[in-house]
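An overview of the molecular structure
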There are 2 protein chains.
Amino acid sequence: MPPVADLIDIRQLRRSCASCGLQELCLPAGISGDDLARLDAAVRDKRVLERGRALYRAGDAFHSLFVVRSGALKTFVTDENATQQVIGFHLPGEIVGIDALASGRHASQAEALERTSICELPFAQLEHVTSEIPALQRQLLRVISREVVQEHEHLVTMGQQQAQVRLAIFLKSLADRYNTLHRDGNHLVLPMSRHDIASYLGLVVETVSRWFTRFEDAGILEVRRKAVTILRPDLLAQMCRPAESDSGSKKARHPAAN
Amino acid sequence: MPPVADLIDIRQLRRSCASCGLQELCLPAGISGDDLARLDAAVRDKRVLERGRALYRAGDAFHSLFVVRSGALKTFVTDENATQQVIGFHLPGEIVGIDALASGRHASQAEALERTSICELPFAQLEHVTSEIPALQRQLLRVISREVVQEHEHLVTMGQQQAQVRLAIFLKSLADRYNTLHRDGNHLVLPMSRHDIASYLGLVVETVSRWFTRFEDAGILEVRRKAVTILRPDLLAQMCRPAESDSGSKKARHPAAN
DNA sequence: CGGACTCTTGAATGTCGTCAATCCAAGTGG
DNA sequence: CCACTTGGATTGACGACATTCAAGAGTCCG
């Protein structure tokens, strides 16, 4: 993405929710007039994170929820060997930090994958505003619910043991998310490294790399490092289901009981 | 678990949140007096589900959130081949149905693994009460956050490719949850089938079965079908970290960048 | 006592992880 | 401007471990 356009975007969007292009997808959806102004007052000054900078780290005290305004984040946990496990990638309009609400401390780390602009929602003020505006309370829960749904889908993906299916689902879901953001879902510029993708999918880099190549050989993708073009969305969608070993579609991996 | 004790439990707990043994772990935590009574009024008559009965199915319209009072649930999604993929197991005090908030329809199915008692929270009424009681609003978000944290942990487990580690983490986390419920975490009676465990962990039944046996051979567990006793919690905890192939603990699977 | 079911066990196959070498793009310094 | 470095990405050969397939043991329910 051209950095110039990005900068313009940030400038245009800086002022308020009312003038934000994400309005329909974000917390303000369905909120208007006075209520919107009150929500706006609860949103603290927007921040910009350079690539690689952390928004919060595991163990940090919880003060705020955050919404991605532009750019992209990854969230991950780090084990004792400094091995990181990516939990999620977060695009504009998505909320992060919910996992800290239970304990009052962040359990994971959130980090910018590229230059990323963030809206901070100090929780105390957010609570205050939501208690006054029932529609906002509902909308907050909806946005949280969206995250839960996405994590369920991720979980289902990880349940898939075939690597090509995991990668296909990953690409497809990324494309879908690009589409809802009114971007071209067939021309992806992946902000994350192959390592991040591998970690997110429970695979190793080499496997991810190999399947990118095979998808390219099959004419499904064109891959040039971070730039991935989906040439055959239909075939990609087909790869999202597990390959059946034998013809009779009878034996499944976890057949439903009763 | 002796069914008699269970029945007594249900009877004792039936009336209200105020008299419920889960008070500290559930929505009412930190709520008292009048406010508690108002919450109580929003909780619809408790239901009991027999083993195998669905609380809701994928596609059902969303009306309520549900809290497990006693027993256990599994939630799962079913693909076109009727293959089910277990997303989570839910013990007393845990909330289900959040994923339906975003779209207004349930994306998954929730089913009783044993005789299970449920509190239904009709969403319209819950919203009303939470908007009047800020502490309850916060508590609702906390309980939801707990679920998100659990799903993150599940995700990290699935990121682990060694089957024995996945199973060990599963057992350990179940034991921990039993402990917070003031049950004996070292004497588990698994309400779910081996199939369910396998699906939850992204493995096949045979693999799960084999590792149960090997854990038993190693003196870590005593396994008699559903009854699992943890003989050596220390060794089990040790199994929760990936086995290092070579001595130098340097090379990890997804080494942290920078 | 038999039938259906879940669970367990065994042997063979194949996929993905491991290890190692190479390639490529971008950045640095002479 | 070019040699050199650095880090990520790719490719190949090999081996381990989980899945697959198949059969048997144990349990539940009629």
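Residues numbered from 1 in each chain as written. Chains lettered and ligands numbered in written order. Predicted model: local features only at pLDDT ≥ 70, side-chain atom pairs only at ≥ 80, totals over all residues. Heavy atoms only, no water.

Residues and elements named next belong to chain A. Scored by pLDDT, chain A comes out at a mean of 88, with 88% of its residues at no less than 70. Under a pLDDT of 50 for its full length, residues 1-13 has, in the predicted model, 13 contacts with residues more than four places off or in other chains. Per-residue pLDDT stays below 50 along residues 246-258; that stretch engages in 21 contacts with residues further than four places along the chain or on separate chains. (pLDDT = per-residue confidence, 0-100. Contact = heavy atoms within 4.5 Å.)

One key point about sheets: their strands pair by backbone hydrogen bonds, in either a parallel or an antiparallel sense. Residues and elements named next belong to chain A. A sheet is described by the order of its strands in space; here three strands give the open sequence 9-11-10, paired in antiparallel fashion. Strands with a single pairing partner mark the edges of an open sheet, and in this sheet they are strand 9 (187-189) and strand 10 (221-224). Strand-to-strand twist of the sheet, defined as the mean angle between neighbouring strand axes without regard to direction, takes the value 15 degrees. Direction of pairing for strand 10 relative to strand 11 (residues 227-230): antiparallel, over a ladder of four bridges. Looking at strand 11, one finds that Val223 is bridged to Val228. Seen against the sheet, helix 5 (residues 163-180) touches strand 9, strand 10 and strand 11 and runs at an angle of roughly 100 degrees to strand 9. (Pairing = 2+ DSSP bridges. Helix = DSSP H or I, 4+ residues; strand = E, 2+ residues; numbered from the N terminus. Axes fitted to C-alpha atoms, helices over the stretch in contact; angles between N-to-C directions.)

This part covers the relation of the copies chain B and chain A. At an RMSD of 0.0 Å, chain B and chain A line up after a rotation of 180 degrees and a shift of 0.0 Å along the axis. With respect to symmetry, the two chain copies, as superposed, fit the operation of a two-fold axis. Residue B:Ser131, judged by its C-alpha, is the member of chain B lying nearest the rotation axis, at 2.6 Å. Looking at chain B, 100% of its interface residues are interface residues in chain A too, so the copies touch through the same face. (Least-squares fit on C-alpha atoms with pLDDT ≥ 70 in both.)

Here we take up the interface of chain B and chain A. The interface is formed by 51 residues belonging to chain B together with 51 residues belonging to chain A. For the pair chain B and chain A, the summed buried surface comes to about 4,800 Å²; carbon and sulfur atoms form 60% of the total. Of all elements in the fold, only strand 5 (84-90), helix 3 (123-132), helix 4 (134-159) and helix 6 (194-201) of chain B reach the threshold of two or more residues within the side of chain B that touches chain A. Broken down by element, the side of chain B that touches chain A gets its largest block of residues, 18 residues, from helix 4 of chain B. (Buried area = accessible area lost by both parts, 1.4 Å probe.)

Attention now moves to the sheet that holds strand 6 (residues 95-96) of chain A. Residue and element names in this part refer to chain A. With antiparallel pairing, four strands are arranged side by side in an open sheet as 1-8-3-6. Taken across any chain shown, the strands that pair with only one partner, and hence form the sheet edges, are strand 1 (44-49) and strand 6. Across four bridges, strand 1 lies against strand 8 (residues 116-122) in antiparallel orientation. Within strand 8, the residue paired with Arg47 across the bridge is Ile118. Along the sheet, helix 3 (residues 123-132) contacts strand 3 (64-70) and strand 8; its crossing angle with strand 8, the most-contacted strand, is approximately 65 degrees.

Let us look at the packing of aromatic side chains. Inspection of the entire model under this criterion finds 12 aromatic pairs over all chains. On the basis of an interplanar angle of 55 degrees and a centroid distance of 5.4 Å, the ring pair of B:Phe62 and B:Phe123 is categorised as tilted. Within this pair, whereas B:Phe62 is found in the loop between strand 2 (54-56) and strand 3 (64-70), its partner B:Phe123 is found in helix 3, the two being separated by 61 residues in sequence. Judged by its relative accessible area of 14%, B:Phe62 is buried. With 4.8 Å between their ring centres and 45 degrees between their planes, B:Phe89 and B:Tyr200 make a pair best called tilted. Placement of B:Phe89 in strand 5 and of B:Tyr200 in helix 6 is noted, with a sequence separation of 111 residues between them. The structure contains a cluster of three or more aromatic residues connected by ring pairs, namely A:Phe89, A:Phe170 and A:Tyr200. Directly above the ring of A:Tyr178 sits A:Arg183, whose terminal nitrogen or CZ lies 4.9 Å from the centroid. (Phe/Tyr/Trp six-rings, centres within 6.5 Å; stacked < 30°, edge-to-face > 60°. Buried < 20%, exposed > 50% of the residue type's maximum accessible area, 1.4 Å probe, protein only. Lys NZ or Arg CZ within 6 Å of the ring centre and 35° of its normal.)

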